[in-house]
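Examining the three-dimensional arrangement
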Amino acid sequence: MGGYIGRLFREFAVTLSIAIAVSLVVSLTTTPMMCAVLLRPKAQQRHGRLYIASEWVFNFIHRLYERSLGAVLRHPFVTLLLTLGTIGFTVYLYNVIPTGLFPQQDNGRLLGSITADQSISFHALSGLIDRIVKTIGDDPAVENVSAFAGGGGGGSSGGSNNSGRMFIGLKRGNPVMTVMGRLRGKLGRIAGVEVILQPSQDIRIGARNSKAQYQYTLQADNLADLLEWAPILTTKFRTLPGLADVNSDQQNNGLQARLEIDRATASRLGITPAMIDATLYDAFGQRQASTIYNALNQNHVVMEVDPAFSQNPDALRYLYVRGTSGAQIPLSTFARYAPATTSLAVNHQGQFPAITISFNLLPGYSLGDAVIEIQQAERDIGLPTSIHGTFQGTAQAFEAARANQLLLILAALVTVYIVLGILYESYIHPITILSTLPSAGVGALLALMLCHEELGIIGLIGIILLIGIVKKNAIMMIDFALEAERTHNKSPRDAIFEACILRFRPITMTTMAALLGGLPLALGTGTGSELRRPLGIAIVGGLIFSQALTLYTTPVVYLYLDRLRLWIAGRRHEQAQLPAPSPHPAAA
């Protein structure tokens, strides 16, 4: 897999491969040496009460499994139907489970985007930001808050004069989604400004800044079409049930004062356009007049009019331009101004004009559901073909990952089948081993759904990890059964029954070791634990369900596939015994 998702899987693959390679070397060298040193004859072994109690429980479970396995092997067809049903149930769960990219993390930090009216001045925006900071700082869950007006960068971050950014740190133990919902209500009562909050995430895909966590971008070669349809789609998005904080970076209602110069009058007075431009820049620009130096620093002296005269275009009436004769001539003598609207920013993507719609998700609503709803909304309003809409950032990575998920799982299964086929020199026995995987898939998906977790990249990593863990149960059974058939001439039923009984302890031990290793991930708390939790839930759920099911389904599948193998071998033998057809007389 390519992109950011491929990098995550690559790190997982390298880590797992190296760990398995090291464990292989240790198990073939160090483990036998430790057994020779540490193990004692049974007569010399001394055990405590805990060992005796746990061994009694294990022996009870072992006897119970032996009796129940005998009953299952007497009614194999029912167990075969259960196995086939598990495969169908896995496909069903895969299609209905909520999907996403990464879990929503609670890192105790919030990011905020501030957007005021497009006609607001910088000084008025600063006053609004001070009020917002005070409102947020008064919340008992907030530890610190910082904000700034304006900011560069452009794009959908809103780096224009009517926008600002904010960073909020929460006190430990306060759920970020709860605090964010409470602050939404408080900030919604501040008139003239829109404040959108989103939780900070450890993994944020895409360099695009936006007011909300997910983005959908519209592009067109005709700016007029884009300006017409983007508000329609934004309004449609606001009606979708799972979307919150829907906003757009379309800002084409800013105010401007259009100055029209009477060139004939200005020329008669000896005033050039360059003089007018210099006067306006002195008044409203950032002309550096001087620099003040001190021992440790330097300060720039910037020329401007009194701030009281920069809040309204009527200040143009009080401006004077020095003519060539040195006389001060009022600007209104040779120029007039008219108010008009203008775009604060025109964003581009791939050399085309673009408008980005940003949104957050309400709790309990998955990104996969949002993608389906957004695509349907685009069809409902009849968006023209001249406008192209695409997901960006995290949503775009989710689309790419979802398209590759099924292919990734199938590639893993095919690889495992080929390796097992080479090891067993058989086309049949690898299928028996792979028959254990659907139960692991059902357990993992059910566990994620019961814990209200989405199937994202982290959960998918857990499912792929289960492919390697779960099939070892079947390998232990089948390897022993094949050896019993070859060396002791036992029937397939007796061989697989003995294999299940004798291999019950190592199967249980290895499963419990893997299960207990995944529990800290599933139950862990603390900052950022939400990112790791789906991995532990998938492992624990898949192991519990597959352990309970494959102990009974694997021997049944083994018997049925062994009958299939014998039937195919018999058919080949019959065909080999048939006499060859006599040649045609003419050919003779």
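Our structure's up above, just so we're on the same page.
Residues numbered from 1 in each chain as written. Predicted model: local features only at pLDDT ≥ 70, side-chain atom pairs only at ≥ 80, totals over all residues. Heavy atoms only, no water.

**A word on the overall build of the protein**
What counts, and what does not: Secondary structure follows DSSP: runs of H or I at least 4 residues long count as helices, runs of E at least 2 residues long count as strands, and numbering of each begins at the N terminus. Both definitions apply: the radius of gyration is a C-alpha atom measure, and the globule rule equals 2.2 Å times residues to the power 0.38. Exposure is judged per residue with a 1.4 Å probe applied to protein chains only, and the accessible area is read against the type maximum: over 50% gives exposed, under 20% gives buried, and values in between give partly exposed. Any pair of residues with heavy atoms lying within 4.5 Å of one another is described as a contacting pair. Counted charges follow a simple rule, with Lys and Arg positive, Asp and Glu negative, and His plus the chain ends left uncounted. To locate a charge, take NZ of a lysine, CZ of an arginine, CG of an aspartate or CD of a glutamate.
Secondary structure assignment for the protein yields 17 helices and 15 strands. The globule rule puts the C-alpha radius of gyration for 588 residues at 25 Å, and the 36 Å found for the protein is more than 25% above it. With the C-alpha coordinates of the protein rotated into their principal frame, the extents come out at 120 × 90 × 45 Å. Looking at the protein residue by residue over its 588 residues, the buried ones come to 41%. Summarising the internal contacts of the protein: among those between residues at least 6 apart in sequence, 77% fall at separations of at least 24. Of the charged side chains in the protein, 46 are positive and 39 negative; the average position of the first set lies 9 Å away from that of the second.

**Observations concerning the sheet that holds strand β1 (residues 109-116)**
Where we set the bar: Strand pairing is assigned whenever DSSP detects at least two bridges linking the two strands. Note on geometry: axes are C-alpha line fits, over the in-contact stretch for helices, and angles between N-to-C directions span 0 to 180 degrees.
Here we have 4 strands laid out as an open sheet, ordered β2-β3-β1-β4, and antiparallel in their pairing. Across the chains shown, the open sheet's two edge strands, defined by having one partner strand only, are β2 (142-149) and β4 (193-199). Direction aside, neighbouring strands of the sheet carry axes that sit 20 degrees apart on average. Note that β2 and strand β3 (residues 163-170) share 7 bridges and pair antiparallel. Residue Val 142 lies in a different strand from β3, and its bridge partner there is Leu 170.

**Considering a nonpolar patch on the surface**
For clarity, the cut-off: Patch members must show over 30% relative accessible area and no salt bridge, and they are joined within 9 Å when carrying like charges or within 5 Å when they are nonpolar side chains of Val, Leu, Ile, Met, Phe, Trp or Tyr. Here the Shrake-Rupley method, with its probe set to 1.4 Å, supplies the accessible areas, and only the displayed protein chains count as covering residues. Between Lys or Arg on one side and Asp or Glu on the other, a salt bridge is scored when a side-chain nitrogen of the former is within 4 Å of a carboxyl oxygen of the latter.
A contiguous nonpolar patch, built from Trp 56, Val 57, Phe 60, Ile 61 and Leu 64 and spanning about 500 Å² of accessible area, is present on the exposed surface. Here Phe 60 shows up in helix α3 (residues 49-74). Looking at Phe 60, the relative accessible area reads 42%, which means it is partly exposed.

**Section: the pattern of salt bridges**
Throughout the structure, instances matching the rule amount to 9 salt bridges. Salt-bridge contacts for Asp 138 lead to Lys 134; the nearest nitrogen and oxygen are separated by 3.2 Å. On the accessibility criterion, Asp 138 (55% relative accessible area) is exposed. On the accessibility criterion, Lys 134 (56% relative accessible area) is exposed. Of the charged contacts in the structure, one is a salt bridge between Arg 336 and Glu 260, with a shortest N-O distance of 2.8 Å.

**Section: unusual backbone geometry**
Of note in the backbone geometry, Asp 245 takes a positive phi value of approximately 55 degrees without being a glycine. Structurally, the position occupied by Asp 245 is in strand β6 (residues 243-248). For Asp 245, a relative accessible area of 18% corresponds to the buried category. The backbone of Asn 489 shows a phi angle near 50 degrees, a positive value even though the residue is not glycine.

**So, the packing of aromatic side chains**
As a reminder, the rule being used: Stacked, tilted and edge-to-face are the three classes assigned to paired rings of Phe, Tyr and Trp, where Trp is represented by its six-membered ring and a pair needs centres within 6.5 Å; plane angles under 30 degrees give stacked, over 60 edge-to-face, the rest tilted. Ring-over charges, as used throughout, are those where CZ of Arg or NZ of Lys falls within 6 Å of the ring centre and within 35 degrees of the ring normal.
Per the stated rule, a full pass over the model turns up 9 aromatic pairs. Members of the aromatic cluster, each reached through a chain of ring pairs, are Phe 58, Tyr 65, Phe 504 and Tyr 552. Residue placement shows Arg 563 over the ring face of Tyr 560; its charged tip is 5.0 Å from the ring centre.

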